[in-house]
Each structure stands twice: as structure tokens, then as C-alpha cells.
Amino acid sequence: METTQQAGREPGTAERRRRELLEAADRVVLRDGPKASMNAIAAEAGITKPILYRHFGDKAGLYQALAVRHTDALLDSLRAALDAPAERRRRVEATLDTYLTAIEARPQVYRFLMHPAEDSHTGDRGFEVGQHSAPLLRRLGEELAKVIAERVDLGPDGEELARIWGHGIVGMMYAAGDWWLGERPCSRAALVTGLTDLLWGRLATAGNLADGPGF
């Protein structure tokens, strides 16, 4: 088990140890979802809870580190889908499908990031993550807005409209995906088609920016 002295190491080792702790936290989240606790994560990592706090500060710090880790991976996948060599509607469909595939493949991680624990007992409870999900969605919205603004000619107010679209699309994906993951009322393909139809109006007719990468 890691000692207090071992927690303070040179930067490279500390960064590697932090990554190992996040991987241990991921394993607990995959098993426990929103009910993942600091006690369980410390046990999985083979350290004491105070040392886990030393690396991340508190529950919110660990949650934030996990959120960044998974959001970065999701954004990389979404950008790859948006930039794939295909016609525009197919890329829209692929981007929506990439998001839905990600939450379907790791539902416990999704619930950990987006839903608070239901356990209401006192003590070392699951993470109170609901209060943190809004910043995560805002980050996704801003990143998607940048992608839209770089690619699509939306006129003189294009930057503002790109932000409206970015946050609106993320809100739609989140709400529709959350409903779909919980109830499974249709196939993933049917949901992708329905959402693409909803988005397709003005996006289908907007031109690409002359100096942008195109969409």
C-alpha cells in the first residue's frame, strides 16, 4: 500500500501515479456507477483514502479529473466522425451515432458523470455528481460550437449562431440519449435518423466557409 511519503514524488512519477489512480477509479465506476465512493476507489488502488485525497483534493476534484478524461476521449471521437470523408448528412449521422454508442457501451460511466447517486445515507456516499454535469455539458457545447464556426458559413452573426447550435445540439443529444438509454424505446439507428431529420433543415443548405476545413 502506498505510504504518505510515496505520494510526494517527482513530477513524472506523480503524473503516472495519478493516471493509475484514475484507471482504478474507472474500474470502480464501471462496477458501481454513481454510487462509486472514495473508500471503494482507494481500496481498488491499494492506498488509503487520505492519500487519494492528496492526489485529487476531494471528491469533486476526482470527479472533475474523471470528467475531463472521458470528455476528452468523447470529443476526439466526435471530431473524427465530423471530419470523416463522407457527405454532410452522413457525417451528422455518424457524429450522433458516436455519442450514443459511447453512452451505450459504458452506461455506468455515463450515469456516474451525469446522474447523482441515489443513496441518501450519511457517510461516504456515492459522488454528488449532478451538480457537476452542467459544466460538462457546457464544455461539450462550446467545443461543438467551435467546430461549427470553423466549417459552416452562417452569415454575419455566424459565431453567435454557432454557439446557439452547439449548445442546442448537445442539449438535444443529452436529453434524447438519456431518455433512450433508460427506456430503449427504439433502435439506436432509428434515434440517429430521427435526430438527424430534426437538425437537417438549415444545415443542409448552409455553405462551407471559404477558408475553413469544410463540412
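The shown structure was predicted, so the numbers you read here are calculated from the model rather than taken from an experiment.

Scanning the model with the defined rule gives 17 salt bridges in all. The closest approach of N and O atoms between Arg27 and Glu44, which form a salt bridge, is 2.7 Å. One end of the pair, Arg27, is in helix H2 (residues 11-32); the other, Glu44, is in helix H3 (residues 38-45), with 17 residues separating them in the sequence. With relative accessibility at 42%, the residue Arg27 sits in the partly exposed group. Of the charged contacts in the structure, one is a salt bridge between Arg151 and Asp83, with a shortest N-O distance of 2.8 Å. Of the two residues, Arg151 is situated in helix H8 (residues 130-151) and Asp83 in the loop between helix H5 (59-82) and helix H6 (88-105); the sequence distance between them amounts to 68 residues. Residue Arg151 is classed as buried on the basis of its relative accessible area of 8%.

To continue, consider the layout of surface pockets. Taken as a whole, the largest pocket encloses approximately 320 Å³ of empty space. His70, Leu74, Ala102, Val109 and Leu113 are, among the 17 residues lining the largest pocket, the residues nearest its centre. Elements supplying a minimum of two residues to the lining of the largest pocket: H5, H6, helix H7 (107-114) and H8. When residues of the lining of the largest pocket are assigned to their parent elements, the largest contribution, 5 residues, is made by H5. Broken down by class, the residue content of the lining of the largest pocket amounts to 12 nonpolar, 4 polar and 1 charged.

So, about the nonpolar core. By size, the foremost hydrophobic cluster in this structure holds 57 residues, and its most contacted members are Leu52, Leu62, Tyr99, Leu113, Ile148 and Leu154. Every residue in contact with Ile148, bar those within four places of it in the chain, is listed here: Leu154, Ala162, Trp165, Gly166 and Ile169.

Reading the values: the criteria
Residues numbered from 1 in each chain as written. Predicted model: local features only at pLDDT ≥ 70, side-chain atom pairs only at ≥ 80, totals over all residues. Heavy atoms only, no water. Salt bridge = Lys/Arg side-chain N within 4 Å of Asp/Glu carboxyl O. Helix = DSSP H or I, 4+ residues; strand = E, 2+ residues; numbered from the N terminus. Buried < 20%, exposed > 50% of the residue type's maximum accessible area, 1.4 Å probe, protein only. 1 Å grid on protein atoms, 1.4 Å probe; cavity = no way out; pocket = protein on both sides within 12 Å on 5 of 7 lines; lining within 4 Å. Points joined across faces, edges and corners; volume = space filled by probe spheres on them. Nonpolar A, V, L, I, M, F, W, Y, C, P; charged D, E, K, R; others polar. Core = buried A, V, L, I, M, F, W, Y, C linked by side-chain atoms within 4.5 Å. Contact = heavy atoms within 4.5 Å.

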